[in-house]
Structure formats: C-alpha cells, structure tokens
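A closer look at the structure
Residue-level listing of the chains:
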Amino acid sequence: MTDNPAATNDVAVSLRARINTSQPHTARIWNYWLGGKDNYEVDRAAGDQIRQLHPGIGEYARADRLFLGRAVRHLVEEAGIRQFLDVGTGLPTADNTHEVAQRIAPDSRIVYVDNDPLVLAHARALLTSTPEGRTDYLDEDLRNVDAILEHASKTLDFSEPVALILLGVVIFIGEDDEAYGLVRTLMDRLPAGSHLVLSHTVTHPSMPDVDEAVKFWNEHGTPKLTQRTPADVARFFDGFQLLEPGVVSCSRWRPEHDNGAEPEEVAMFGGVARKD
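Residue numbers here run from 1 along each chain, matching the order of that chain's written sequence. For a predicted model such as this one, the threshold for reporting local features is a pLDDT of at least 70, and the threshold for listing and counting side-chain atom pairs is 80 or more; totals across whole chains, interfaces and linings nevertheless cover every residue. The side-chain numbers reported here are obtained from all heavy atoms of the structure, hydrogens and water having been left aside.

Now for the pairing of strand E1 (residues 83–87). Taken residue by residue, a regular strand's side chains alternate between the two faces of the sheet. Burial status follows relative accessibility: with a 1.4 Å probe on protein chains alone, a residue under 20% of its type maximum counts as buried, one over 50% as exposed, and anything between as partly exposed. A run of DSSP states H or I qualifies as a helix once it reaches four residues; a run of E qualifies as a strand once it reaches two. Both are numbered from the N-terminal end. Burial analysis of E1 places five of its five residues in the buried class, which makes it a mostly covered element. As paired strands, E1 and strand E2 (residues 109–114) are joined by five bridges and run parallel to one another. Along E2, the bridge assignment pairs Gln83 with Arg109. A clockwise path from the first strand over the helix to the second, with the strands pointing away from the viewer, defines a right-handed crossover. Regarding topology, helix H5 (residues 97–104) serves as the crossover connection from E1 to the parallel E2, and that connection is right-handed. As paired strands, E1 and strand E4 (residues 163–167) are joined by three bridges and run parallel to one another. By the bridge assignment for E4, Leu85 is matched with Leu164. Two strands pair under a simple rule: DSSP has to find at least two bridges between them.

Fitting a line to C-alpha atoms yields each axis, with helices limited to the stretch in contact; the angle taken between N-to-C directions then spans 0 to 180 degrees. At their nearest, the axes of helix H3 (residues 41–53) and helix H9 (residues 208–220) sit 8 Å apart, and the two run at 155° to each other. Comparing their axes, H9 and H3 come out roughly antiparallel. Considering the relative orientation of H3 and H9, their crossing is right-handed. Across from Ala46, Gln49, Ile50 and Leu53 in H3, the residues of H9 making contact are Asp209, Glu212, Ala213, Phe216 and Trp217. Relative orientations are named as follows: roughly parallel for angles under 35 degrees, roughly antiparallel for angles over 145 degrees, roughly perpendicular for angles from 65 to 115 degrees, and oblique for any other angle. Each crossing gets its hand from how the near helix is turned against the far one by less than a right angle, where anticlockwise is left-handed and clockwise is right-handed. Whether two residues are in contact is decided by their heavy atoms, any of which lying within 4.5 Å being enough.

Let us now look at the environment of Thr229. Along the polypeptide, Thr229 turns up in the loop between H9 and helix H10 (230–235). The spacing of Thr229 and Thr201 is 28 residues in sequence and 8.4 Å in space, taken between C-alpha atoms. Ignoring any residue separated from it by four or fewer positions in sequence, one finds Thr229 in contact with Val202 and Thr203.

The next thing to look at is the environment of Lys224. Following the sequence through the fold, Lys224 ends up in the loop between H9 and H10. Through-space distance from the C-alpha of Lys224 to that of Phe172 is 6.3 Å; in sequence the pair is 52 residues apart. Within 3.5 Å is the distance limit for a polar contact, defined as a pair of N or O atoms, with the added protein rule that one can donate a hydrogen and the other accept it, and that residues adjacent in sequence qualify only through two side-chain atoms. Only 2.7 Å separates the side chain of Lys224 from the backbone oxygen of Asn218, close enough to count as a polar contact.

A few words on the packing of aromatic side chains. Centre distance within 6.5 Å is the pairing criterion for rings of Phe, Tyr and Trp, where only the six-membered ring of Trp is used; planes under 30 degrees apart are then read as stacked, over 60 as edge-to-face, and the remainder as tilted. Tallied over the full model, the rule gives two aromatic pairs. Centre to centre, the rings of Phe67 and Trp253 are 5.6 Å apart; their planes meet at 80°, and the pair counts as edge-to-face. Placement of the pair is Phe67 in helix H4 (residues 57–77) and Trp253 in the loop between strand E7 (248–249) and strand E8 (268–274), with a sequence separation of 186 residues. Each member of the pair, Phe67 as well as Trp253, is classed as buried. Both rings, one in Tyr180 and one in Phe236, keep their centres 4.3 Å apart while their planes meet at 40°; by these two values the pair is tilted. Remark: Phe236 occurs in the loop between H10 and strand E6 (241–242) and Tyr180 occurs in helix H8 (residues 176–188); sequence separation between them is 56 residues. Of the two residues examined, Tyr180 and Phe236, each falls in the buried class. When the ring centre of Tyr180 is taken as reference, the NZ or CZ atom of Arg235 above it lies at 3.9 Å. The rule for a charge over a ring is simple: NZ of Lys or CZ of Arg within 6 Å of the ring centre, and within 35 degrees of the ring normal.

Structure (structure tokens):
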C-alpha cells in the first residue's frame with residue numbers, strides 16, 4: 001500500500017532524463033558489485049578499476065547487504081520492532097528491508113529515503129507490501145531531517161519505536177560535526193526503544209589498498225565519500241545501548257553460519273544500538 005507518486009510510470013520516465021550516464025555513480029557501482037543490472041558501462045569500468053586496486057571490494061557490498069538482513073531479522077524477532085526508516089536506501093536488490101521485515105512480521109511498516117534519481121525511478125520495486133503492512137518512498141536528502149520525519153509520519157507512528165537504518169550513507173557527509181549531528185538529531189526525534197543500524201567505510205593501517213580505492217573513487221566518481229576510523233564509526237552510537245558484538249566488520253556482526261572460523265574482515269564496519 002502506498003500513496004507515493006514515485007511509483008508512477010510518468011515520474012520514472014522523467015527521472016531517467018536526470019540520470020548522468022557519463023560519470024560513474026556509487027549506487028550503480030554498488031549495484032554492479034552485487035550482481036545487479038541497474039548500471040552502465042561507465043559504472044562497470046570504474047567498478048572494475050576499483051576492484052583492481054582493492055580486489056576484495058565486492059565483498060564489502062555483499063557483507064553490508066547481509067548485515068542489513070541479520071540486523072532487521074534481529075530487530076523484528078528479538079526487539080519487536082515493526083517500523084523502519086531506511087535512509088540512503090540504494091538501488092533495490094534481493095532482500096530489501098521491507099521484504100526481510102514483512103516475511104517475519106507482515107504488519108511491518110517501512111519508509112525508504114534516497115535522493116538518487118535512478119533509485120527513485122526504480123522505487124516501484126520498493127513499494128510492494130503485504131496487505132497488513134505498508135511501504136513508502138521519499139525523494140529526500142539525509143540533511144533535510146524535518147522533511148524526512150514529516151513525510152515519514154504519514155506511514156510511521158513516531159510514538160512507537162522505529163529502527164533508523166543508515167547503511168553506507170553518512171560516508172557522504174564530509175564534515176564530522178554535521179555527520180554526527182544529523183544522526184543524533186534523527187535519533188533524538190525517535191522514541192525510547194528505537195534502534196540505530198549504521199554502517200560506514202573505514203580507514204585502517206592494515207587496509208592501505210582501501211585508501212587507494214577511495215582516492216580513485218573521489219577523483220573519478222560521484223558523490224565523494226569520507227572514510228573514518230573504526231573508533232570514529234563507534235562515536236555514532238555514543239549514548240545508546242550498543243548491542244553485542246559492538247561496532248565490528250559487517251561480516252562479523254552475528255554471522256549466521258558459524259563453522260568455527262571468524263569471517264574475513266571487510267572495511268565496512270557497522271553496529272546496532274538501542275535508545276533507552
């Protein structure tokens with residue numbers, strides 16, 4: 001169920017006219033690494049170049065996606081969350097937030113937020129829902145907190161706990177004060193019992209090839225991204241009850257298939273925390 005005009009064909013056609021296919025774009029490269037088809041030759045070329053600089057980069061995309069699924073399943077099954085505000089949604093792939101949540105709890109409500117015209121053009125795939133639940137999509141920038149919450153309130157009940165999902169999106173906020181401030185402002189507007197799910201590309205002395213890949217991206221692609229250290233990423237969760245195992249490589253956040261070996265670490269770190 002949705003009232004969002006993003007689902008209409010006319011809007012999708014007009015949005016495609018705004019898509020720049022001459023410069024690689026992060027959402028499309030991410031889609032390419034995940035095996036999707038919503039990308040162009042310029043994205044595939046840049047994605048392959050980045051992969052040459054850092055061969056494991058594709059695993060980051062997959063690890064981040066699997067982290068999303070595990071986090072959402074935990075929040076629905078263990079924390080009783082039925083409302084999700086997913087900001088920086090990215091292009092639709094398999095097991096989007098609403099699919100994971102509504103598979104377990106059909107009455108779950110999800111609002112997606114992104115400001116990429118290609119993502120909006122494909123918003124129909126994000127606007128499916130069970131009869132008991134609801135999904136909606138908002139074409140908006142993370143910085144516009146008031147607009148996001150005003151629109152989301154048409155679908156979500158902000159007197160009840162909400163899971164705020166920020167996967168790989170605050171990396172595009174270069175100024176630390178602004179990045180931490182935006183996350184804090186959003187969480188301050190959510191009631192007790194709400195949760196924060198956040199992931200972020202990291203810089204670390206043991207992963208110098210990641211820095212080279214990011215440098216290449218910022219010279220050739222859009223939008224530019226900012227790396228932060230694992231400790232910097234942990235700061236986003238200050239003041240909240242951080243769930244075990246804390247802020248770790250996304251691949252190591254409660255892996256489901258534990259064969260005794262620790263999953264390979266990726267330079268995408270994430271965590272889940274509860275607001276008391």
